[in-house]
Amino acid sequence: MQAYFDARETAAVGQREQTLFARLPAVAAAARERAPAIARQLQGVDPASLNSRHALSQVPVLRKSELLEIQHAARIARPATQGDAERVRVFGGVSTIGWGAARRVFASPGPIYEPESARPDYWGFARALHAAGVRPGDLVHNCFSYHFTPAGSMMETAAHALGCTVFPGGVGQTEQQVRAMADLAPQAYTGTPSFLRIILEKADDMGVALPSLRRALFSGEAYPPSLQAWFQARGVQGFQAYGSADLGMVAFETEARDGLVLNEDLIVEIVRPGTSQPVPDGEVGEVVVTTFNPDYPLLRFGTGDLSALMAGTSPCGRTNGRIRGWMGRADQTTKVRGMFVHPEQIARVLSRHPQIGRARLVVSGEMGHDVMTLKIESADDLDIARVADTVRDQTKLRAIVDVVPAGSLPNDGKVIEDIRRYD
């Protein structure tokens, strides 16, 4: 069996970085020309200058919440029409294609609308399916939803790109899923791990053996080691992939079981939540992705998900970077004494006091008696009163400032921690 999907997976790290940033200026220039929202994001930035990570970091992050607002505002401001105006109205000026060039349009919660063009493997999941052991001629039983959200199409288009046949099982109807698997004998499953477990347990109840099923690509849910072991005991090797409806496949698991390897046609950064500032490698922060998708060219798109870059390369031989997988959500906004406190406000506090290292705002107390404590790591002499004043200036709320030993705050990406009791 071919070990790798293509030669790029084992390219030299420096070569990959050079290739990506050689491609980026042209992608950004085309996006600016056809996507008004991207043109606004790039205001004051020459696309030709985007030839390094440092240069890219000067572009403001476009977060999912902002994309929702952009699309919603465009639909309010523009009547339904045809052509380019309709493309801008529906997708908020982020997509470069509209009706006709878009084969399908999907709706994610919000709603946020995403196009899918006719390009093979539009969402990029074929690489993850290949890493999971799926090969040409296999039958893939696809149990992701086929309506509204693109998950079903993500896996189907990936399987077709590999030369596989797909059974569109969708969700629900567990007994019928078992019967179809028994009759058709698929080699692989795509869907959530919890639904495959339900199917296999139902098969046990029905006294039906499913010996053909040996491979699975999971997404949309956590896939802990305990569940991995459960499937292995049933003879199923399950792998996970991380992606989104906006970006397609971002990273995927390999036989090394050591983090998730990044997709080849992306630039992935980890930034401090609430900012556009990249964090040091290994630090937990928000996953920010730049795509090379000419139809939906998202630049520095903030996913709202937390993760961290891993050192070195995967033992499987793939040389691209790795992330630790999904580690929670970056949006930690909370309400204190009737006022919303955002991670962006804490980031501004830290920017005014650069001698502060890691920091965390802890909200404690009981209902009606909120206490804000800013825990900070600082090796230098620091004017605590000035820091407290800055917190009050940014949040309009008083806070206790507590200097803690360096390295004592956990590396989990949390900027705001709410430990209040409501019982």
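Residue positions are counted from 1 within each chain, in the order its sequence is given. Predicted model: local features are reported for residues with pLDDT of at least 70 only, side-chain atom pairs are reported and counted for 80 or more only, and whole-chain, interface and lining totals are derived from all residues. Water and hydrogen atoms were dropped before computing side-chain values, which therefore reflect all heavy atoms in the structure.

What to know about unusual backbone geometry
With the exception of glycine, the majority of residues adopt a negative phi angle, and the majority of peptide bonds are in the trans configuration.
Here is step 1 of the chain: A positive phi angle, near 50 degrees, is found at Asp121, a position not held by glycine.
Here is step 2 of the chain: For each residue, the accessible area found with a 1.4 Å probe, counting protein chains only, is set against the maximum for its type, and the residue is called buried under 20%, exposed over 50%, and partly exposed in between. Of the residues examined, Asp121 reaches a relative accessible area of 18% and is grouped as buried.

Description of empty space enclosed by the protein
The gaps left among the atoms become clear once a water-sized probe is rolled over them.
Here is step 1 of the chain: Only protein atoms enter the calculation, which uses a 1 Å grid: trapped sets of points that fit a 1.4 Å probe without letting it out are cavities, open sets showing protein on both sides within 12 Å along at least five of seven lines are pockets, and any residue with an atom within 4 Å of a point is a lining residue. Grid points are joined across faces, edges and corners, and a volume is the space filled by probe spheres set on the points. Within this structure, the stated rule accounts for one cavity of 30 Å³ or more.
Here is step 2 of the chain: Of the pockets and cavities examined, the largest cavity occupies roughly 190 Å³.
Here is step 3 of the chain: Lining the largest cavity are 20 residues, with Arg272, Arg358, Ala359, Lys414 and Val415 sitting closest to its centre.
Here is step 4 of the chain: For the lining of the largest cavity, the elements supplying multiple residues, two or more each, are α11 (343-352) and β18 (359-366).
Here is step 5 of the chain: The helix and strand labels rest on DSSP assignments: H or I over at least four residues marks a helix, E over at least two residues marks a strand, and numbering proceeds from the N terminus. When residues in the lining of the largest cavity are grouped by element, the largest group, four residues, is from α11.
Here is step 6 of the chain: Partitioned by chemical class, the residues of the lining of the largest cavity number 11 nonpolar, three polar and six charged. Just so you know the grouping, Ala, Val, Leu, Ile, Met, Phe, Trp, Tyr, Cys and Pro go in nonpolar, Asp, Glu, Lys and Arg go in charged, and all remaining residues, Gly too, go in polar.

Focus: the sheet that holds strand β5 (residues 165-168)
Here is step 1 of the chain: DSSP bridges decide pairing: two strands pair if at least two such bridges lie between them. If you trace the nine strands from one edge of the open sheet to the other, you get β5-β4-β6-β7-β8-β9-β10-β15-β14, paired in mixed fashion. With partners counted over all chains shown, the strands left at the sheet margins are β5 and β14 (309-310), one partner each.
Here is step 2 of the chain: Helix α9 (residues 193-206) contacts β6 (188-191) and β7 (215-218) of the sheet and is inclined by roughly 130 degrees relative to β6. Contacts: residue pairs with any heavy atoms within 4.5 Å of one another. Here an axis means a line fitted to C-alpha atoms, over the contact stretch when the element is a helix, while the angle between two N-to-C directions is reported on a 0 to 180 degree scale.

Remarks on the nonpolar core
The tendency in soluble globular proteins is for nonpolar side chains to be buried as a group.
Here is step 1 of the chain: Buried residues of nine kinds, namely Ala, Val, Leu, Ile, Met, Phe, Trp, Tyr and Cys, make up a nonpolar core once their side-chain atoms join them within 4.5 Å. Of all hydrophobic cores here, the largest spans 64 residues; its most connected members are Leu24, Leu42, Phe125, Leu217 and Val250.
Here is step 2 of the chain: Each residue touching Leu217, except ones within four places of it in the same chain, is listed here: Phe125, Ala128, Leu129, Ala132, Met155, Tyr189, Thr190, Gly191, Phe239, Gln240 and Ala241.
Here is step 3 of the chain: Core analysis: the next-biggest nonpolar cluster, separate from the first, contains 20 residues, Ile356, Ala399, Val415 and Ile416 among them.

Comments concerning the sheet that holds strand β13 (residues 301-307)
Here is step 1 of the chain: A sheet is described by the order of its strands in space; here four strands give the open sequence β1-β13-β12-β11, paired in mixed fashion. This sheet does not close on itself; its edge strands, each paired only once, are β1 (62-63) and β11 (266-271).
Here is step 2 of the chain: Two elements, strand β12 (residues 285-291) and β13, share four bridges in a ladder whose sense is antiparallel. Paired with Glu286 across the two strands is Leu306, which belongs to β13.
Here is step 3 of the chain: The strands that helix α1 (residues 13-34) touches are β11 and β12; relative to β11, the one it contacts most, it runs at about 95 degrees.

Comments concerning the environment of Gly152
Here is step 1 of the chain: Here Gly152 is to be found in helix α7 (residues 151-162).
Here is step 2 of the chain: Owing to a relative accessible area of 0%, Gly152 belongs among the buried residues under this scheme.
Here is step 3 of the chain: Once the C-alpha coordinates of Gly152 and Gly170 are considered, the two residues, 18 residues apart in sequence, prove to be 7.2 Å apart.
Here is step 4 of the chain: With sequence-adjacent residues up to four places away left out, Gly152 is seen in contact with Asn142, Phe144, Ser145 and Tyr146.

Digging into the layout of surface pockets
Here is step 1 of the chain: Counted as a void, the largest pocket has a volume near 1,100 Å³.
Here is step 2 of the chain: Together, 44 residues line the largest pocket, and Ser219, Gly220, Glu221, Tyr242 and Gly243 are the ones closest to its centre.
Here is step 3 of the chain: Taken together, the elements giving at least two residues each to the lining of the largest pocket come down to α7, α10 (225-233), β8 (237-244) and β13.
Here is step 4 of the chain: Considering each element in turn, the lining of the largest pocket owes the most residues, five residues, to β8.
Here is step 5 of the chain: Within the lining of the largest pocket, the residues separate by chemical class into 22 nonpolar, 13 polar and nine charged.

A few points about the environment of Val88
Here is step 1 of the chain: Counting through the fold element by element, Val88 comes out in helix α5 (residues 84-91).
Here is step 2 of the chain: Aside from chain neighbours lying at most four places away, what touches Val88 is Pro36, Ala74, Arg78 and Gly93.

A short note on the packing of aromatic side chains
Here is step 1 of the chain: The rule is short: rings of Phe, Tyr and Trp, with Trp giving its six-membered ring, pair when the centres are within 6.5 Å, and they are stacked under 30 degrees, edge-to-face over 60, tilted in between. By the definition in use, this model includes eight aromatic pairs.
Here is step 2 of the chain: Pairing Phe91 with Trp99 gives two aromatic rings, centres 6.0 Å apart and planes at 75 degrees, and the pair type is edge-to-face.
Here is step 3 of the chain: Residue class for Trp99 comes out partly exposed when judged on its relative accessible area of 49%.
Here is step 4 of the chain: Geometrically, the ring pair formed by Tyr122 and Trp123 is edge-to-face, given 4.9 Å between the ring centres and 80 degrees between the ring planes.
Here is step 5 of the chain: Taking relative accessible area as the criterion, Trp123 reaches 3% and is therefore assigned buried.
Here is step 6 of the chain: Here the aromatic cluster, defined as three or more aromatic residues joined through ring pairs, consists of Tyr189, Phe218, Tyr223, Trp230 and Phe231.

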